[in-house]
Amino acid sequence: MSEPKNGRPIFFPEKLVTYGNLALFLWIVLDSVAFLFYDITAGIVFFIGALIAIYGVLHLLGCLRPCYNCIKCTHGMGRLAALYFGRRIFKDYKYSYKLPTAIFFTLFIGAFPAAFALYSAITDFTTVKAALFAVLLAFTLFSASTWRTKKRPNPTAEAP
C-alpha cells in the first residue's frame, strides 16, 4: 500500500508533545549557556536566534500540512517534539520540513553548541563546562538515536 501524496495521518501522543517541547526548550537554554560561558553577547544572540529558528521557522515549516493530516492538531508543536525526541514513526521529514532541513536544525542545536562547549572546556577548563558538554552530547546522541529504524524479526526465518 502506498502512502498518500501528503503523507499519512499522524497522532502525536500528549506526553511526547508536552515533555518533548519542554526538553527542547531546556536543550536550547543549555546551548545558550554554553555560549554564555564564552561571551554573554554570543549566548544571548544564540538564544534569541535559536528561539526564532526553532519556534518560528521550523514550527511554521512543520505546520504547513493541513490539520487533517494530524489526527489531533498540535499546531506544529507535535512535529517539533517528534523531530528531536520522537520515534521514527512520528517523524514526518518527507512532507513537512524535508530531510536536509531536519539535519540542519539538528546540527544547529545539537552538534554545533556541543562542539563549542567542548572548545570552551578545553581552552578554560572547569567542571561545569565539562558537565555542560556531557549533557549537550547526551541530548545530541539521544536525538540522533531516534532516527534509527528498528530491526524487525524476519517471520519467514522461524526456528525449528
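Residues numbered from 1 in each chain as written. Predicted model: local features only at pLDDT ≥ 70, side-chain atom pairs only at ≥ 80, totals over all residues. Heavy atoms only, no water.

1. Examining the side chain of Asp31
- Inspection of the secondary structure puts Asp31 in helix H1 (residues 14-38).
- Although Asp31 lies buried, it forms no salt bridge, and the closest oppositely charged side chain, Lys129, sits 15 Å away as judged by the N-O distance.
- Contacts of Asp31, omitting those with residues within four sequence positions, involve Phe46, Ile109, Pro113 and Leu136. (Helix = DSSP H or I, 4+ residues; strand = E, 2+ residues; numbered from the N terminus. Buried < 20%, exposed > 50% of the residue type's maximum accessible area, 1.4 Å probe, protein only. Lys, Arg positive; Asp, Glu negative; His and termini not counted. Salt bridge = Lys/Arg side-chain N within 4 Å of Asp/Glu carboxyl O. Contact = heavy atoms within 4.5 Å.)

2. Focus on helix H5 (residues 111-123)
- Compared with an ideal rise of 1.5 Å per residue, which puts 13 residues at 18 Å, H5 spans 18 Å between its outermost C-alpha atoms and is within 8% of the ideal.
- Along H5, the residues classified as buried are Pro113, Ala114, Phe116, Ala117, Ser120 and Ala121. With its buried residues spanning 160 degrees around the axis, H5 presents them on a single face. Among the exposed residues of H5, those pointing more than 90 degrees away from its buried face are Ile122 and Thr123. (Expected span 1.5 Å × (residues − 1). Arc of directions from axis to C-beta.)

3. Things to note about helix H3 (residues 77-85)
- Of all the 9 residues making up H3, 8 are buried; the element is thus mostly covered by neighbouring parts of the structure.
- Along H3, the residues that are buried comprise Gly78, Arg79, Leu80, Ala81, Ala82, Leu83, Tyr84 and Phe85.

4. A few points about a nonpolar patch on the surface
- Side chains of Leu36, Ile40, Ile44, Ile48, Ile52 and Val57 sit close together on the surface and give an oily, nonpolar patch of about 540 Å² of accessible area.
- It is helix H2 (residues 40-62) that provides the largest number of residues to the nonpolar patch, a total of 5 residues.
- With respect to the helices and strands, Leu36 occurs in helix H1.
- Note on Leu36: relative accessible area 37%, which makes it partly exposed. (Patch = residues over 30% accessible without salt bridge, like charges linked within 9 Å, V, L, I, M, F, W, Y side chains within 5 Å. Areas by Shrake-Rupley, 256 points an atom, 1.4 Å probe, with all protein chains shown as cover.)

5. With respect to the packing of H5 against helix H6 (residues 127-145)
- In the contact formed by H5 and H6, the axes pass within 9 Å of each other and the chain directions differ by 160 degrees. It follows from the interaxial angle that H5 and H6 lie roughly antiparallel. Regarding H5 and H6, the two cross each other, and that crossing is left-handed. Here H5 contributes Ala111, Pro113, Ala114, Ala117, Leu118, Ser120 and Ala121 to the contact with H6, which in turn contributes Lys129, Ala130, Phe133, Leu136, Leu137 and Thr140.
- For the contact of H5 with H6, the per-class residue count stands at 10 nonpolar, 2 polar and 1 charged. (Axes fitted to C-alpha atoms, helices over the stretch in contact; angles between N-to-C directions. Parallel < 35°, antiparallel > 145°, perpendicular 65-115°, else oblique. Left-handed = near helix turned anticlockwise from the far one by under 90°. Nonpolar A, V, L, I, M, F, W, Y, C, P; charged D, E, K, R; others polar.)

6. Observations regarding the pattern of salt bridges
- Inspection of every chain in the model, using the stated rule, returns 1 salt bridge.
- Residue Asp124 is joined to Lys129 by a salt bridge in which the shortest nitrogen-to-oxygen separation is 3.6 Å.
- For Asp124, a relative accessible area of 45% puts it in the partly exposed group.

7. A word on the nonpolar core
- Membership of the largest hydrophobic core comes to 26 residues, with the highest contact counts inside it found for Leu24, Trp27, Ile54, Leu58, Tyr84, Ile109 and Leu136.
- Elements that contribute at least two residues to this core include exactly H1, H2, H3, helix H4 (93-109), H5 and H6.
- With 6 residues, the single largest contributor to this core is H1. (Core = buried A, V, L, I, M, F, W, Y, C linked by side-chain atoms within 4.5 Å.)

8. Observations concerning the packing of aromatic side chains
- On inspection of all chains with the given rule, the structure shows 10 aromatic pairs.
- Seen from their ring centres, Trp27 and Phe139 are 5.5 Å apart, and the 15 degrees between their planes marks the pair as stacked. Here the residue Trp27 occupies a position in helix H1, and Phe139 occupies one in helix H6, the gap between them amounting to 112 residues.
- Each ring, one from Phe104 and one from Phe105, has its centre 5.2 Å from the other, and the planes form 80 degrees; the classification is edge-to-face.
- One aromatic cluster is present, formed by Phe35, Tyr38, Phe46, Phe104, Phe105, Phe108, Phe112, Phe116 and Tyr119 through successive ring pairs. (Phe/Tyr/Trp six-rings, centres within 6.5 Å; stacked < 30°, edge-to-face > 60°.)

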